[in-house]
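Okay, here's what each chain looks like letter by letter:
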Amino acid sequence: MQGAIVRVCVVVTAAILNHPLLFPKENTTIPEQDEALLARMKEHEERLEAEQARLEEELSRQEKREAGGAHEEEEEEEERYGWYFWSALSLVIFLTIEVCRQDFMGSSPSRGSTHGDEEGLSEGPVLTKALFPDKGVLSSFYERCIRASAQDARRTCEFVEGFADDLLEALRSSSDRDADMEVEDCLGVGSAFEAWRVSRPLTCDLVVPFVPPEPYGFQFRLWCDPPGDTPPDMQGCGRIAVTRTREGGPDCLCGTADLGEDMLCLLHGKNDRPRPGDGADDDLLCLKNTPYLAKDQVMKWFQISVTKAWGRISHKYEFELTFRNLDAPGALKVRFRSGRVIMLNITPVVQFEDTDAYFVSHFPSENGSCSDTYWSLSFAVYEKNLLKLLTKGLPENSCHVRCLQILSFLHKKQEGLTGKSALTNYHLKTALLHLLLGTRASAWRGEDLELRLRDITGFLEKSLQEKRLCHALVGNARVPREIGLPEMFRVAEPMNLFRPLVLQRHLYAKTLEHFQEMLRNACALIREYTPQVPNGDVPHTLAAGVQS
């Protein structure tokens, strides 16, 4: 009796769990699109109902036999065989329906990636599914609007580096080596030097490390250092203290202690004796009455120094050099007589110990900081090295750089329509690095451009919805050790680049609207900039050029 009841329950449960109406909606398409599958499911359902009716009839006969004193041993034997039979039948029916369902899912055209088993690639939110045109249109668009810009960018970067070296050499020659900050050689970073910048006029970013004169030095306090007293909104920042080092010469006590009026210092006269807190650190670009390096002081010093240096070498060049933004230390504009314009940002930075991480006074996209003594730490050199390392393992003619260039182009055009938002090209680059670190190299073939564009925009859309986009390097265990990232940053807590969106609702709403509008306009914008031929196909010469 109990065995028969259990058999009925198993069959009924299997029928309920595998009923087509209970399949998750996100794993199927509309049932009307596959009538054959629906018919098979209906047939399985009818079979289950028939088996359920038979079991009920057998249960009725079983009760009658028990009432009539039927032989118990025969019933137990039959019960055992019946249990095996119905269990096997239920399992077969369950597996059959499950296989049909998986086949239907695998053949669905709505999948956003051909590498669905790869970590980090997914079909993404609904908004990104029908986002970009086919690969033929994308290839034509890339050839017309981006490839030529990339080739011109390399020549421009070479010119900018040469001009910056000349300008900095003039700056050194006009500085007082015993009192002024000393500038070192410049270093090209960012999108232009990573060969994916496409916006016009081209903007080149360079950083210039500087050090204090002897006998002074820098001491650093990072956001991740104990006791962790850095404000929450200063993640990724640090403070730079200017200290006097004994190695640079005799360290006189008269500047740190009150020796009285009758005591005479043999190193300093009575009138030139340095006193604690008397503003002596102002010449070292510190915030007043503090030992901490001030970004505004550095900006003023650098702008004055660059102006003097340009006055020394301007006769050698046949172009005009001006500051295009007085709120940034070295935001310069070069204008040739032909009318051509080149933008460059020469930013003074402080090298963190003996690493390739730099404290940056001002980012080009920065709208100002709430603290003058907290400097943002830049990992641009490590990111540049990571991109080079990952590129070596990707297929020939990989699409990762093209993805970044196309998205950067669309982002720039959208800013022209709706204005600036908190979303920057650095966020686009961060999303790409996350996907490159989390997927197989074979996913980035040239013909997969459309799919990878969907993956990156889907990743960004999800990050915006969650208001969380982690830094690609800090706290990321997937970063290869070959790039030399210091262990202290590898094991640090991940940094949320979207933290300002959590704190400012208005900024978040504007940024989300900007991104969604960019996705809606993407297809039309790409087609607008794509050359057409009479039959509507992509020109053969352009398509061939993409494969070269």
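Quick caveat, the model's predicted, so the values are computed rather than measured. (Residues numbered from 1 in each chain as written. Predicted model: local features only at pLDDT ≥ 70, side-chain atom pairs only at ≥ 80, totals over all residues. Heavy atoms only, no water.)

Asker: Is there a simple way to think about the packing of aromatic side chains in this case?
Answerer: A ring pair, where both rings are aromatic, is described by two values, the distance of the centres and the angle of the planes. In this structure the tally under the stated criterion is 21 aromatic pairs. Measuring from ring centre to ring centre gives 6.4 Å for F159 and F163, while their planes differ by 10°; the resulting arrangement is stacked. Note that F159 and F163 are positioned in helix α4 (residues 135-173) at a spacing of four residues, about one turn of the helix. Overall, F159 belongs to the partly exposed group, its relative accessible area being 27%. You can call F163 buried: its relative accessible area is 2%. Three or more aromatic residues link up through ring pairs in this structure, and these residues are F159, F163, W310, Y317, F319 and F336. Over the ring of Y292 we find R239, and its NZ or CZ is 3.9 Å from the ring centre. Lying over the aromatic face of Y142, R402 brings its terminal NZ or CZ to 5.8 Å of the ring centre. (Phe/Tyr/Trp six-rings, centres within 6.5 Å; stacked < 30°, edge-to-face > 60°. Helix = DSSP H or I, 4+ residues; strand = E, 2+ residues; numbered from the N terminus. Buried < 20%, exposed > 50% of the residue type's maximum accessible area, 1.4 Å probe, protein only. Lys NZ or Arg CZ within 6 Å of the ring centre and 35° of its normal.)

Asker: Hey, could you run me through unusual backbone geometry in this one?
Answerer: Trans is the prevailing form of peptide bonds, just as negative phi is the prevailing case for residues other than glycine. The omega torsion across E214 and P215 is 5°, close enough to zero to call that bond cis. By the secondary structure assignment, P215 is in the loop between β3 (203-211) and β4 (216-222). Its identity as a non-glycine residue notwithstanding, E353 has a phi of 50°, on the positive side. Inspection of the secondary structure puts E353 in the loop between β8 (341-351) and β9 (358-360).

Asker: Mind showing me how you'd approach the side chain of T373 here?
Answerer: In this structure, T373 sits in the loop between β9 and β10 (374-378). When its relative accessible area of 5% is taken as the criterion, T373 is described as buried.

Asker: Please explain the pairing of strand β5 (residues 237-244) as it appears in this structure.
Answerer: Here β4 runs beside β5; their pairing, made up of seven bridges, is antiparallel. In the strand pairing of β5, Q219 is matched with A241. (Pairing = 2+ DSSP bridges.)

Asker: What exactly am I supposed to notice about the side chain of T355 here?
Answerer: When you line up the elements, T355 lands in the loop between β8 and β9. Residue classification places T355 among the buried positions, given a relative accessible area of 10%. Polar contacts involving the side chain of T355 include one to the main-chain carbonyl oxygen of F352, which spans 2.7 Å. Of note is the side chain of T355, whose polar atom sits 3.2 Å from the backbone nitrogen of A357. (Polar contact = N/O pair within 3.5 Å; in protein donor to acceptor, adjacent residues only side chain to side chain.)

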